[in-house]
Amino acid sequence: MLYLLIPVYNEEKNISLLHKNITESLLKHEKFYVFSDDGSSDGSLDEIRRLFKNEKYTIISDGKNHGPGIAFNKGFNWILQNAVNENDRIVTMEADNTSDISILPAMVSISELGFDLVLASVYAQGGGFDKTSFFRKFISFGANMMMRYFFNINVLTISSFYRVYSLQIIKKINAKYAPVIENRGFICMLEVLLKAIRLNASVIEVPMKL
């Protein structure tokens, strides 16, 4: 099973394109969509129910805004409680369609070769930014460089939501550090990456255009 874990916060206008992109990708894989709502106040959840009614999906929501870290952690916990196959994979991505779905088949195939964590990376050779301001590029690059130096890690992209995890590495992280994610904010992606590295996870990056 391939679990697609997608945090949602007021994405009503993006759900239709998201549905088209992700349901048409990886047609040979059995997919289950886990939408972790972070207190949306628009029609996001109604759109999900309408568009995904013929898909396997669940919505996790308590109606409150906690931050992306909590949304991801709730999703990981749901998958840990419901997954039954040791070879299952978990894809994490944003709901705003900034994740390049065209590289998802390659990311999943690489993950199935035995990698614990596959990262979509704008900094890997062949990746980059498209229609992004110089200031945003500078801030992103500087933040990644600082964190890589501070934590002494060789991964180029440390904050991207777009990843493929093996179920096994999430189980190991939960067993060692439970919860999987504690931080509420966007630094949650660095947190789970560091936990995986400390458990000797095999990590690889795939180039992506953002």
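Residues numbered from 1 in each chain as written. Predicted model: local features only at pLDDT ≥ 70, side-chain atom pairs only at ≥ 80, totals over all residues. Heavy atoms only, no water.

(A) The overall build of the chain, seen in detail. Helix and strand counts for the chain come out as 7 helices and 7 strands. Each helix and strand of the chain, ordered N terminal to C terminal, gives the series β-α-β-α-β-α-β-α-β-α-β-α-α-β. Nonlocal contacts in the chain, meaning residues at least 24 apart in sequence, comprise 78% of its contacts between residues at least 6 apart. Total accessible area computed for the chain in this model is approximately 10,600 Å², and 53% of it derives from carbon and sulfur atoms. (Helix = DSSP H or I, 4+ residues; strand = E, 2+ residues; numbered from the N terminus. Contact = heavy atoms within 4.5 Å. Areas by Shrake-Rupley, 256 points an atom, 1.4 Å probe, with all protein chains shown as cover.)

(B) The arrangement of the pattern of salt bridges in detail. With the rule as written, the count across this model stands at 7 salt bridges. A salt bridge links Lys 74 to Asp 62; the shortest N-O distance between them is 3.0 Å. With Lys 74 in helix 3 (residues 68–82) and Asp 62 in the loop between strand 3 (57–60) and helix 3, the pair connects residues that are 12 residues apart, well separated along the chain. Taking the relative accessible area as the measure of exposure, Asp 62 reaches 39% and is therefore partly exposed. With a closest N to O distance of 2.7 Å, Lys 195 and Glu 191 form a salt bridge. Here Lys 195 and its partner Glu 191 are both found in helix 7 (residues 188–198), 4 residues apart, which amounts to about one turn of the helix. Taken as a pair, Lys 195 and Glu 191 share a single burial class, namely buried. (Salt bridge = Lys/Arg side-chain N within 4 Å of Asp/Glu carboxyl O. Buried < 20%, exposed > 50% of the residue type's maximum accessible area, 1.4 Å probe, protein only.)

(C) The arrangement of the packing of helix 1 (residues 15–23) against helix 2 (residues 44–51) in detail. Here helix 1 crosses helix 2 at 35°, and the two axes come no closer than 10 Å. Classified by chirality, the crossing of helix 2 by helix 1 is right-handed. Residues Ile 15, Ser 16 and His 19 of helix 1 pack against Ser 44, Glu 47, Ile 48 and Leu 51 of helix 2. (Axes fitted to C-alpha atoms, helices over the stretch in contact; angles between N-to-C directions. Left-handed = near helix turned anticlockwise from the far one by under 90°.)

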